[in-house]
2 protein chains.
Amino acid sequence: MYKINENYLKLPGSYLFSMIGKKVNEYSKAHPEQEIIRLGIGDVTQPLAPVVIEALHKAVDEMGKVETFHGYAPELGYEFLRQAIVENDYKKRGVNIEVNEIFVSDGAKSDSGNIGDIFDIDNKIAVCDPVYPVYVDSNAMSGRTGSYDSETEKWSEVIYMPCTEETGFAPELPKEEPDIIYLCFPNNPTGSTINKTELQKWVDYALKVGAVIIYDAAYEAYISEEDIPHSIFECEGAKACAIELRSFSKNAGFTGTRLGFTVIPKELKCNGVSLHSLWARRHGTKFNGVPYIVQRAGEAVYSEEGKKQTKEQIAYYMNNAKVIREGLKKAGYSVSGGINAPYIWLKTPNNMTSWQFFDYLLENANVVGTPGSGFGPSGEGYFRLTSFGSYENTVKAMERIQKL
Amino acid sequence: MYKINENYLKLPGSYLFSMIGKKVNEYSKAHPEQEIIRLGIGDVTQPLAPVVIEALHKAVDEMGKVETFHGYAPELGYEFLRQAIVENDYKKRGVNIEVNEIFVSDGAKSDSGNIGDIFDIDNKIAVCDPVYPVYVDSNAMSGRTGSYDSETEKWSEVIYMPCTEETGFAPELPKEEPDIIYLCFPNNPTGSTINKTELQKWVDYALKVGAVIIYDAAYEAYISEEDIPHSIFECEGAKACAIELRSFSKNAGFTGTRLGFTVIPKELKCNGVSLHSLWARRHGTKFNGVPYIVQRAGEAVYSEEGKKQTKEQIAYYMNNAKVIREGLKKAGYSVSGGINAPYIWLKTPNNMTSWQFFDYLLENANVVGTPGSGFGPSGEGYFRLTSFGSYENTVKAMERIQKL
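Read on for an overview of the structure. Remember, it's a predicted structure, so these values are computed and weren't measured experimentally. All residue numbers refer to positions counted from 1 along the written sequence of the respective chain. Chains and ligands are labelled sequentially in the order written, the chains with letters from A and the ligands with numbers from 1. In keeping with the predicted nature of the model, local features appear solely for residues at pLDDT of at least 70, side-chain atom pairs appear and are counted solely at 80 or more, and the whole-chain, interface and lining totals rest on all residues. Excluding hydrogens and water, the side-chain figures rest on all heavy atoms present in the structure.

Digging into the overall build of chain A
Under the convention used in this document: Runs of H or I in DSSP of at least four residues are treated as helices and runs of E of at least two as strands, each being numbered from the N terminus. The reference for a compact globule is 2.2 Å times residues^0.38; the radius of gyration itself is calculated from the C-alpha atoms. Burial classes: relative accessible area under 20% of the type maximum marks a residue as buried, over 50% as exposed, and values in between as partly exposed (1.4 Å probe, protein chains only). The contact definition used throughout considers only heavy atoms, calling two residues in contact when any of these lie within 4.5 Å. Each accessible area is a Shrake-Rupley result for a 1.4 Å probe, and residues are judged covered by the shown protein chains and nothing else.
Within chain A, the regular secondary structure consists of twelve helices and 17 strands. Radius of gyration (C-alpha) of chain A: 21 Å, near the 22 Å computed for a compact globule of 404 residues. Counting only residues that meet the buried cut, chain A has 64% of its 404 residues in that class. Contacts spanning at least 24 positions in sequence make up 72% of the contacts within chain A whose residues lie at least 6 apart. Surface exposure of chain A reaches about 15000 Å², of which carbon and sulfur atoms provide 48%.

Structure representation (structure tokens):
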């Protein structure tokens, strides 16, 4: 008799956003006259940039003619896209990454979920708390996290690094030595960042203890301040200890178009074995590339027009972020994030739990956000709002919150 | 110090098609005047159907306007596509599959590589020999296949089911009881099929021994004969023991557009645990959906025009298959496949090994095929040609082979 992967059964209940959806649906049914504003999920709302649309149409036409049709893509992605990535995301920032160190993928969620495949089960992971759920869940699925305690909401074999007001919403170097460290800056969900000096400390630490850093830089396009690194490879020595995940979802609105990439430097080695070769094998065996038309769309993001147009989209969202930050401050909330990230992280008032505040906001302002506790135990007492709505709705939401 | 997944190091050398590419490049460099015809890799060459191109353009336009923009897709895929699949691929064949038993994905390669995630490491797999390499390699990566013997080219913990001339290129029920059985019909690489009575035997066997069947039906659109099942769910009891993988790559030329789906019936349970719920969790955690525009393209395949146009493409390739079959027979080769599948499987002449015949064909006819031994030890002495080239090249290749 065949056996299932029992690790799946250890995973706690339903996914955060399913629970939010359920609550909103119920409220909506009971109060059909109320107009609900959703600042909860991190999905973009602005359409694809004109230059991206143009590139898509052109590539679609190519797919319709025998002379220009494209079948299976090269396993690591088309050279035209990887070249544009190397030039714009790395070379222009003084970082030397080779074209064949880039693995084009269908997005950072797949990559962050699948990257664990190339590591032994017997590795201890360290994560920020609160954290994007995929890092922990995907490790739990492969049996790397021990057992789950529903009281503490923690896995027995995971090192949690609290990111709270006390730590300035940044993790401190863990006391127990981890093998794999997940870092995400600018951070989801807190919207916080660390500067280059601080990130260098993590690189130095990883090199010292023999850990590998999985660095999720999906929100780097939202960085507005100087001295905040856009890539971990800006730090010295990072190529020997880090993997970087990137996404087109938030910098170019590709959440429904699906494109991302992973950078694994060739000098990243574990006892002489190149992690690049392991990921290449995984990529070549369990994945068959990203649609040609989507890779052309990605290339267009890096054109002069593309950079200008996507910058405008980001400015639009960051103006929303400003509206939320200032609106909440005016209403007396304690707020962080929203300066180098599209997320605003606020402290719930009057010692409400995250879910109490969720209900309070839904019922009294008809505004949907995300309970901080959904991202981990140290998120309790916090709440996330996103700047991905329309400007009009964002302004309206703040007006309602200020009236509470 | 972190540790890598050592199972990756057990995998034998480079991928079959990399080796072919290398040999062809070397020959090409040495003989730049020769025109090489590639009938090796299973990649399509005909452009996307006009109705698919039209659907893509329309969907691209939607992505460019705020009112019709699409962000994250529903986790299991858009209802419009899943509905079309249920109606056309199942209901019309008298098979009752529910919309929410369909998981839309970026292709059957990803699905066949990832499906192992939901099973325990301690399961014994059975595969046809020869076989599509992804089934075995992905299981080897997760540590399910024991050790590799480069002499016999076999893994110690895999049950191989020889498919040779002696067995009519179909597998026989294995003597040792497997937990997970991989079947692919119409078959890659042999091009063989089994009829419904024969497939029913496999379903009955799986139910009897408590095995689960991973049924790869990527080539079902090429079936031309009656009584060959298009889906394993045409067999009685299959919903309690089978998962079906489907692809748009070969039925609609989506190799470079990426679309497929997996069917997991809700009644498929292991000790009371629904495999559907496990795969839903995997899908929701490590995958973020297929591009909206590609799902619209998939929907168009099921329109009346779409069905007509893709049928013409398949007829084009199947005419090539006929040219190859008859051409080879005329030249005295022993040939199978090519009637319900785009692959022709031939016995190498004069007791040549598969690679000897590869070199012989490349050097003397400038035709590239795939050595049967690359698909497993029982493929030794066989050779695969595909019908995915142009008609002109296919005819030319046969003329050259007949002159040998």
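More follows now that the structure is in view.
Examining the pattern of salt bridges
Residue and element names in this part refer to chain B. The condition that has to hold: Salt bridges are defined as contacts in which a side-chain nitrogen from Lys or Arg sits within 4 Å of a carboxyl oxygen from Asp or Glu.
The tally for this structure, following the rule as stated, stands at 30 salt bridges over all chains. Put simply, lysine 124 and glutamate 176 hold a salt bridge, and the shortest N to O gap is 2.7 Å. One end of the pair, lysine 124, is in the loop between α5 (108-114) and β3 (125-129); the other, glutamate 176, is in the loop between β6 (158-162) and β7 (180-184), and 52 residues separate them in sequence. Assessed through its relative accessible area of 18%, lysine 124 is described here as buried. Glutamate 176 gets classed as partly exposed once you look at its relative accessible area, which sits at 40%. With a closest N to O distance of 3.5 Å, glutamate 220 and arginine 246 form a salt bridge. With glutamate 220 in the loop between β8 (212-216) and β9 (242-247) and arginine 246 in strand β9, this residue pair connects regions lying 26 residues apart in the sequence. Arginine 246 carries the same exposure label as glutamate 220, and that label is buried.

Considerations on the packing of helix α10 (residues 304-330) of chain A against helix α12 (residues 391-403) of chain A
Residue and element names in this part refer to chain A. Quick reminder of the rule: For helices, the fitted line uses only the C-alpha atoms of the stretch in contact; every axis is such a line through C-alpha atoms, and the angle between N-to-C directions lies from 0 to 180 degrees. Put simply, angles under 35 degrees are roughly parallel, angles over 145 are roughly antiparallel, angles from 65 to 115 are roughly perpendicular, and the rest are oblique. Residues are grouped as follows: Ala, Val, Leu, Ile, Met, Phe, Trp, Tyr, Cys and Pro are nonpolar; Asp, Glu, Lys and Arg are charged; every other residue, Gly included, is polar.
Between α10 and α12, the shortest axis-to-axis distance is 9 Å and the interhelical angle comes to 5°. It follows that α10 is roughly parallel to α12 by the angle criterion. Along its contact with α10, which presents Tyr316, Asn319, Asn320, Val323, Ile324, Gly327, Leu328 and Lys330, the element α12 presents Tyr391, Glu392, Thr394, Val395, Met398, Ile401 and Gln402. In terms of residue class, the contact of α10 with α12 is built from eight nonpolar, five polar and two charged.

Some details on the environment of isoleucine 214 of chain B
Residue and element names in this part refer to chain B. Looking at the secondary structure, you find isoleucine 214 in strand β8. On the accessibility criterion, isoleucine 214 (1% relative accessible area) is buried. Between the C-alpha atoms of isoleucine 214 and leucine 173, which are 41 residues apart in sequence, the distance is 15 Å. The contact partners of isoleucine 214, leaving out residues within four places of it in the chain, are Ile115, Phe119, Ile180, Ile181, Tyr182, Leu183, Ile243 and Leu245.

A look at the packing of aromatic side chains
Short version of the rule: Note on ring pairs: Phe, Tyr and Trp rings are taken, using the six-membered ring of Trp, and paired if centres are within 6.5 Å. Classes follow the plane angle, with under 30 degrees stacked, over 60 edge-to-face and the rest tilted. Whether a charge lies above a ring is judged from NZ of Lys or CZ of Arg, which has to be within 6 Å of the ring centre and within 35 degrees of the ring normal.
Under the definition given, this model contains 46 aromatic pairs over all chains. Relative to tyrosine 343 of chain A, the ring of tyrosine 219 of chain A has its centre 5.2 Å away and its plane inclined at 70°; by these criteria the two rings are edge-to-face. Here tyrosine 343 of chain A lies in strand β14 (residues 343-347) and tyrosine 219 of chain A lies in the loop between β8 (212-216) and β9 (242-247), a separation of 124 residues in the sequence. Of the two residues examined, tyrosine 219 of chain A and tyrosine 343 of chain A, each falls in the buried class. A centroid spacing of 5.6 Å and a plane angle of 85° characterise the contact between phenylalanine 169 of chain B and tyrosine 382 of chain B, whose relative ring orientation is edge-to-face. Taken as a pair, phenylalanine 169 of chain B in the loop between β6 and β7 and tyrosine 382 of chain B in strand β17 (residues 382-386) lie far apart in primary sequence, 213 residues in all. Counting every residue linked through ring pairs, the aromatic cluster contains Tyr219, Tyr222, Tyr316, Tyr317, Tyr343 and Phe388 of chain A. Above the ring of phenylalanine 80 of chain A, the side-chain terminus of arginine 296 of chain A is found at 3.6 Å from the ring centroid.

A closer look at helix α3 (residues 50-63) of chain A
Put simply, the rule is: Between the first and last residue of a helix there are one fewer steps than residues, each counted as 1.5 Å, and that sum is the expected span.
An ideal rise of 1.5 Å per residue puts 20 Å on 14 residues; α3 of chain A measures up with 20 Å between its terminal C-alpha atoms. Among the 14 residues of α3 of chain A, ten are classified as buried, and the element is accordingly described as predominantly covered. For α3 of chain A, the full list of buried residues reads Val51, Val52, Ile53, Ala55, Leu56, His57, Ala59, Val60, Glu62 and Met63 of chain A. On its buried face, α3 of chain A is in contact with α9 (292-301) and α10 of chain A together with α3 (50-63) and α9 (292-301) of chain B.

Note that all results are geometric; they support no functional claim without further evidence.
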